[in-house]
Amino acid sequence: MRQRLGRLRLTTSGLPYLLLLPALLLELLIHLVPMVVGIVMSFKQLTQFFIRDWSSAPWTGLGNYHLAVDFSAPVGQSLLNSFWVTCAFTILAVGLSWLVGTTAAIMMQDAFRGRGLLRAAFLLPYALPVYAAVITWSFMFQRDTGLINHVLHDQLHLTSDRPFWLIGDNSFTALVTVSVWRSWPFAFLTLTAGLQNIPRELYEAAAMDGAGIWQQIRRITLPSLRPVNLVLVLVLFLWTFNDFNTPYVLFGKSAPEASDLISIHIYQSSFVTWNFGAGSAMSVLLLLFLLLVTSVYLFITSRRRGADD
Amino acid sequence: MINPPASFRWIRRIVLALLAVFTLVPVGVMVSSSLKPLQDVQGPFRWIPSTLTVRPYFDIWKTVPLGRYFINSIIVAGGATIFSVIVAILAAYGVSRYRFRGRRLFTVTVLSTQMFPGILFLLPLFLIFVNIGNTTGVALYGSRGGLILTYLTFSLPFSIWMLVGYFDSIPRDLDEAALVDGCGPVRALVRIIIPAAIPGIVAVAVYAFMTAWGEVLFASVMTDDETRTLAVGLQGYATLNDVYWNQVMAASLVVSVPVVAGFLLLQRYLVAGLTAGAVK
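Residues numbered from 1 in each chain as written. Chains lettered and ligands numbered in written order. Predicted model: local features only at pLDDT ≥ 70, side-chain atom pairs only at ≥ 80, totals over all residues. Heavy atoms only, no water.

Note on placement: I160(B) falls in helix α7 (residues 144-168). Between the alpha carbons of I160(B) and L122(B) there is a distance of 23 Å; along the sequence they are 38 residues apart. Ignoring anything within four residues of it in the chain, the contact list for I160(B) reads A23(A), A88(B), A91(B), A92(B), F106(B) and V110(B). (Helix = DSSP H or I, 4+ residues; strand = E, 2+ residues; numbered from the N terminus. Contact = heavy atoms within 4.5 Å.)

Here is the structure:
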């Protein structure tokens, strides 16, 4: 009786809307309204002359979009280049982070001496502020004073010369390395939590049936991690594809062509060359692409999950 | 796993050692370089410093106004944390305890904002802030307030999500009994829900602080000389001719200490919250 009374009061109240109001207002102000404004801006010829009053900028219709996707002109060409660079970067960085994270999580599933300490160490790249961590990498990648060339050239004699890491084609390797360093701990964390849900009896039963360690991993561990992996890979994909911090701290406002990630590219077209209209059009295209990939991914994985049941 | 053979244990040792090196070398470089004299970081890299010195730790405050950046970062990250936690508690209480129209829509909307690239709303928000300043005189662009407002929404989706999970695990009977006994909903929240969810609230606060403390993109666009945060201020050690790498490393270490300490202390709660959604 007591409980019914309580429920009754909870459902008839208008209070929940009041409780959500601050969160809703903030999301509206900082995310949704700017997004709508951004879409409007993408149809305008918004250069530095109209910054003080963007609503008076002249309409240009699809002009900015034409500019962005005209791949025979410099703007479109560099955007396309940036798109492919971002795709390659994302596939490599997410793939490696996932692989390293999975390996570490499986290897640290069983207790051994020093496990707690090692886990804390593995969490450090995730805990450090991004600018402090990435700036350290940029010091390590310096051509004449950095650790990387010191080890590769001076100590191991693997390179005949001191390569540049932060300009030219090598910058892509540097970018992927730093990105994997920063994001594998998150994969490790998530998968570690996923492993804790596997009942020990499963392994015991398998061992009793004569399954070796590799078979246990292949038959029990990896399949059990599938639901975790579905979310993890999507989250890693979105973070990595949108990553601005790593290239910005590593390369500054304009990245080398080989590592010109899309978020840096848009930032540059907007705040360095002061063409906000074109920058907005590129942002909208980016969002459409992310929405498309995410929906396809969710569609495929939910269907496959349905088939499994 | 049961009965890992010796071969597996050897592979495990090697792989984990390699990973530890990969993870820790940058941290080691940060620490050791921060204790080197300038000529050591300007010449070829050396594992062992020619002399150990703590001078960089004193110089960092003079080369750039690091103290001011520190205070700005503390105000901005602290402010964003406090407001974000309050707003998240209210929203999570609503979602966890009430069934109402639009409940699902709300959660989906809030969560999906996490997916948007920051660059997408950076430009419009920048222009909106500039325009608000021009028309009403309320300075959001270039102010700490504008940054607080922006940052608090960054951690909000995750905070709400995590707190809903925490609140759901608190037996409903507890606060319903309080309601029946004549407590208002606000008192039920303050007296029963909040105390029971303290670990979750602390974890959410640490996450909000870390997010704001580490943000680079908006900080580099939305601040001016006076309101610059650490994320942007650290670039000040590079002059046209020289980069004071030993000071950069010392400053990096100093700005990392607050968040790393908080993270390591509270990692267990944070990890549980971060991963709850993925595992469920």
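Right, let's get into the side chain of N229(A). Residue and element names in this part refer to chain A. Locating N229 in the fold gives a position in helix α11 (residues 226-241). For N229, a relative accessible area of 12% translates into the label buried. Engagement of the side chain of N229 in a polar contact is seen with the side chain of W98, the distance being 2.8 Å. When residues no more than four places from it in sequence are discounted, the contact partners of N229 are W98, L191 and Y297. (Buried < 20%, exposed > 50% of the residue type's maximum accessible area, 1.4 Å probe, protein only. Polar contact = N/O pair within 3.5 Å; in protein donor to acceptor, adjacent residues only side chain to side chain.)

Residues and elements named next belong to chain B. Under the counting rule described, the total for this entry stands at 9 salt bridges over all chains. Between D225 and R228 there is a salt bridge, with its nearest N and O atoms 3.1 Å apart. With a relative accessible area of 22%, R228 lands in the partly exposed category. When salt bridges with common partners are traced through the structure, they connect R55, D59 and K62 into a single cluster. (Salt bridge = Lys/Arg side-chain N within 4 Å of Asp/Glu carboxyl O.)

Turning our attention to the confidence of the model for chain B. Per-residue pLDDT for chain B has a mean of 88; in total, 96% of the residues score no lower than 70. Predicted as a complex, the structure gets a pTM of 0.91 and an ipTM equal to 0.91. (pLDDT = per-residue confidence, 0-100.)

Moving on, we come to the packing of aromatic side chains. One pair of aromatic rings is described through two measures. These are the centre distance and the angle between the planes. Going through the model one piece at a time under the given rule, you end up with 38 aromatic pairs over all chains. Seen in terms of ring centroids, F122(A) and W184(A) are 4.9 Å apart; in terms of plane orientation they differ by 70°. Their pairing is edge-to-face. Placement of the pair is F122(A) in helix α5 (residues 115-127) and W184(A) in helix α8 (residues 170-195), with a sequence separation of 62 residues. When sorted by exposure, F122(A) lands in the same class as W184(A), which is buried. An angle of 80° between the planes, with centres 5.3 Å apart, marks the rings of F126(B) and Y141(B) as edge-to-face. Of this pair, F126(B) sits in helix α6 (residues 118-136) while Y141(B) sits in the loop between α6 and α7, placing them 15 residues apart in sequence. Assessed through its relative accessible area of 37%, Y141(B) is described here as partly exposed. Three or more aromatic residues joined by ring pairs form one cluster here, namely F244(A), Y248(A), Y267(A), F271(A), W274(A), F276(A), F126(B) and Y141(B). The ring of W59(A) has K44(A) lying over it, and the distance from NZ or CZ to the ring centre is 4.9 Å. Over the ring of F45(B) we find K36(B); its NZ or CZ atom is 4.4 Å from the centre of that ring. (Phe/Tyr/Trp six-rings, centres within 6.5 Å; stacked < 30°, edge-to-face > 60°. Lys NZ or Arg CZ within 6 Å of the ring centre and 35° of its normal.)

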